[in-house]
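Coordinate inspection notes
So the chains spell out like this:
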Amino acid sequence: MVKTLGQRIRELRDTADLSLRECAGRLEISPAFLSDIELGRRHPSDKVLANIAKLLRTSTEELRQYDTRPPVDELRRRAAENPTLGVLLRSIADGKVSTEDALRLIKKSDKDSKP
């Protein structure tokens, strides 16, 4: 099973032997907000994520690897710039093209483009 961002934060917090209240206090956020982050109900801002990473002695990049939310704003921007991408994303969302098939095409394209 893939860990979520919240699960990874909780794991690191437990490893650092910090209670939820103590960790939230050091981060200057409410324990309820930190709990919501750990449970996946809310997501931290970039600033809060950076503070969490610093406190838990990791990098924001490492934590971002566990953020499974779709990058909706980025996808919208790119689809507006490239309508073909928008068609592909809509086809995946409508179930006309499976995610696996799209990934296979991407991998094949990557292989074909290498010298």
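Just above, that's the structure.
Residues numbered from 1 in each chain as written. Predicted model: local features only at pLDDT ≥ 70, side-chain atom pairs only at ≥ 80, totals over all residues. Heavy atoms only, no water.

1. Some remarks on the overall build of the chain
The following threshold applies: In this text, helices come from DSSP runs of H or I with a minimum length of four residues, and strands from runs of E with a minimum of two, each type numbered from the N-terminal end. Our radius of gyration looks at C-alpha atoms and nothing else; its globule reference is 2.2 Å times the residue count to the power 0.38. By definition, residues are in contact when any of their heavy atoms lie within 4.5 Å. Using the Shrake-Rupley algorithm and a 1.4 Å probe, accessible areas are obtained, with residue cover drawn only from the displayed protein chains. Positive charges come from Lys and Arg, negative ones from Asp and Glu, while His and the chain ends are left out of the count. By convention, the charge on Lys lies at NZ, on Arg at CZ, on Asp at CG and on Glu at CD.
Tallying secondary structure elements over the chain gives eight helices and zero strands in all. The linear arrangement of helices and strands in the chain, starting from the amino end, is α-α-α-α-α-α-α-α. Over its C-alpha atoms the chain spans a radius of gyration of 19 Å, topping by over 25% the 13 Å that the globule rule assigns to 115 residues. The principal-axis extents of the C-alpha atoms in the chain amount to approximately 50 × 30 × 25 Å. For the chain, restricting intrachain contacts to residue pairs at least 6 apart in sequence, the fraction spanning at least 24 positions comes to 46%. Surface accessibility of the chain: about 8,600 Å² in total, with carbon and sulfur atoms responsible for 52%. In the chain, 23 side chains carry a positive charge and 19 a negative one; their mean positions are 0 Å apart.

2. Structural notes on helix α1 (residues 5–15)
Because the α-helix completes a turn every 3.6 residues, residues three or four places apart line up on one side. Put simply, the rule reads: Note on classification: 1.4 Å probe, protein chains only; a residue is buried when its accessible area is under 20% of the maximum for its type, exposed when over 50%, partly exposed between these limits. Directions pointing from the helix axis toward each C-beta atom define the arc.
Looking at α1, one finds that the buried residues are L5, G6, R8, I9, L12 and R13. Take α1 and look down its axis: the buried residues cluster within an arc of 160 degrees, on one side only. Looking one or two places after α1, you find D17, whose phi comes out positive at around 55 degrees.

3. A word on the side chain of R8
In this structure, R8 sits in helix α1. When residues no more than four places from it in sequence are discounted, the contact partners of R8 are K3, E62, L63 and Y66.

4. Thoughts on the side chain of E62
Threshold: Polar contacts here mean pairs of N or O atoms no more than 3.5 Å apart (in protein, one a potential hydrogen donor and the other a potential acceptor; neighbouring residues in sequence count only if both atoms are side-chain atoms).
With respect to the element layout, E62 can be found in helix α5 (residues 60–64). Residue classification places E62 among the buried positions, given a relative accessible area of 16%. In this structure the side chain of E62 is engaged in a polar contact, spanning 2.9 Å, whose partner is the side chain of R8. Once you skip the residues sitting within four places of it in the chain, E62 turns out to touch R8 and L12.

5. Here's the deal with the environment of A80
Within the secondary structure, A80 sits in helix α6 (residues 72–81). Linking A80 and C23, residues 57 residues apart in sequence, is a C-alpha distance of 41 Å.

6. Describing the packing of α1 against helix α3 (residues 31–38)
The test is simple: Angular values range over 0 to 180 degrees, each being the angle between N-to-C directions of two axes fitted as lines to C-alpha atoms, with helices fitted over their stretch in contact. Angular relationships are summarised with four words: roughly parallel below 35 degrees, roughly antiparallel beyond 145, roughly perpendicular across 65 to 115, and oblique for the angles in between. Think of it as three bins: nonpolar holds Ala, Val, Leu, Ile, Met, Phe, Trp, Tyr, Cys and Pro, charged holds Asp, Glu, Lys and Arg, and polar takes everything else, Gly as well.
It is at 7 Å that the axes of α1 and α3 come closest, and there the two elements cross at 120 degrees. On the basis of the axis angle, α1 is oblique to α3. Each of G6, Q7, I9, R10 and R13 in α1 lies in contact with α3, whose residues at this interface are L34, I37 and E38. Looking at the contact of α1 with α3, its residues break down into three nonpolar, two polar and three charged.

7. Describing the nonpolar core
Test applied: Note on terminology: a nonpolar core comprises buried Ala, Val, Leu, Ile, Met, Phe, Trp, Tyr and Cys residues joined through side-chain atoms within 4.5 Å.
Core analysis: the biggest nonpolar cluster contains 18 residues, and L5, I9, I29, L34, I52, L56 and L63 have the highest contact counts within it. The element best represented in this core is helix α4 (residues 46–55), accounting for four residues. I9 has contacts with L34, I37, E38, I52, L56 and L63, leaving out every residue within four places of it along the chain.

So far we have only geometry, and geometry alone does not tell us how the molecule works.
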